[in-house]
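Residue-level listing of the chains:
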Amino acid sequence: METVLGFDFGLKRIGVAVGNTLIKQAQPLTIISEATNDAKFAAIAGLVQEWQPSVCVVGLPRHPDGEEHEMTVRCRRFANQLHGRFNVATVLVDERYSSAVISHQRGELIDDQAAAIILQQYFDDYTQSES
């Protein structure tokens, strides 16, 4: 059994979810909303130390037609930084519509729930061959 962390990267907030390869069930974990990148990565470092993930899954946003945009590039960079800083394998998962399926009140922060949807998609779509 290995632990997996999922990330919904945003400029203001980063949603984080956790799951494992045994039960393949993603759970919202936390929302990182520190003001600086250094503080955000310090918070991520604490999570990586606590959970010891074998893989980090990062949602990759695209336009509905599949075209990439500015946030696609930023998410790829974030995934590369996770890999480089923490020496953990990273996987990019298409996150189109991940936030759209969450029912929420205006102003409610859902980044951790979006991360859980991204991570669950990884478990459902990318780990089937391991079963």
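Scroll up to find the structure.
Keep in mind it's a predicted model, so treat the numbers as computed, not measured.

This next bit is on unusual backbone geometry. Phi at Gln52 takes a positive value of approximately 50°, unusual for a residue other than glycine. Among the structural elements, Gln52 can be located in the loop between α1 (37-51) and β4 (55-60). Residue classification places Gln52 among the exposed positions, given a relative accessible area of 56%. Phi is positive for Asn87, close to 55°, though the residue is something other than glycine. Tracing the backbone through its elements, the reader meets Asn87 in the loop between α2 (70-86) and β5 (89-94).

Our next topic: a nonpolar patch on the surface. A cluster of nonpolar side chains, Met1, Leu22 and Ile23, forms an exposed patch at the surface whose accessible area comes to about 390 Å². Its location among the elements puts Leu22 in the loop between β2 (14-20) and β3 (27-32). Given the relative accessible area of 62%, Leu22 is considered exposed.

Most of β2 sits out of view: seven of its seven residues are buried. Here β2 shows two buried faces, one formed by Ile14, Val16, Val18 and Asn20 and the other by Gly15, Ala17 and Gly19. Pairing of strand β1 (residues 3-9) with β2, which is carried by seven bridges, proceeds in the antiparallel orientation. Considered in β2, the bridge of Thr3 is made with Asn20.

With that settled, consider the packing of aromatic side chains. A complete count under the given rule lists five aromatic pairs for this structure. Between Phe9 and Phe78, the ring centres sit 4.7 Å apart and the planes meet at 25°, which makes this aromatic pair stacked. With Phe9 in strand β1 and Phe78 in helix α2, this pair connects stretches of sequence that are 69 residues apart. We note that Phe9, like Phe78, is buried. When the ring of Tyr122 is compared with that of Phe123, the centres are 5.7 Å apart and the planes differ by 55°; the resulting orientation is tilted. As far as the burial class goes, Tyr122 and Phe123 line up, both buried. If you follow Arg85 out to its NZ or CZ, it ends over the ring of Phe41, 3.8 Å from the centre.

Once that is clear, we can look at the pairing of β4. Within a regular beta strand, the side chains point alternately toward one face of the sheet and then the other, so they alternate between its two faces. Counted residue by residue, β4 has six buried out of six residues, so it is predominantly covered. The side-chain alternation of β4 yields two buried faces, one formed by Val55, Val57 and Gly59 and the other by Cys56, Val58 and Leu60. In the sheet, β1 pairs with β4 via four bridges, with the strands oriented parallel. Of the residues in β4, the one forming a bridge with Leu5 is Cys56. As judged from the six bridges shared by β4 and β5, these two strands associate in the parallel manner.

Procedures and definitions
Residues numbered from 1 in each chain as written. Predicted model: local features only at pLDDT ≥ 70, side-chain atom pairs only at ≥ 80, totals over all residues. Heavy atoms only, no water. Helix = DSSP H or I, 4+ residues; strand = E, 2+ residues; numbered from the N terminus. Buried < 20%, exposed > 50% of the residue type's maximum accessible area, 1.4 Å probe, protein only. Patch = residues over 30% accessible without salt bridge, like charges linked within 9 Å, V, L, I, M, F, W, Y side chains within 5 Å. Areas by Shrake-Rupley, 256 points an atom, 1.4 Å probe, with all protein chains shown as cover. Salt bridge = Lys/Arg side-chain N within 4 Å of Asp/Glu carboxyl O. Pairing = 2+ DSSP bridges. Phe/Tyr/Trp six-rings, centres within 6.5 Å; stacked < 30°, edge-to-face > 60°. Lys NZ or Arg CZ within 6 Å of the ring centre and 35° of its normal.

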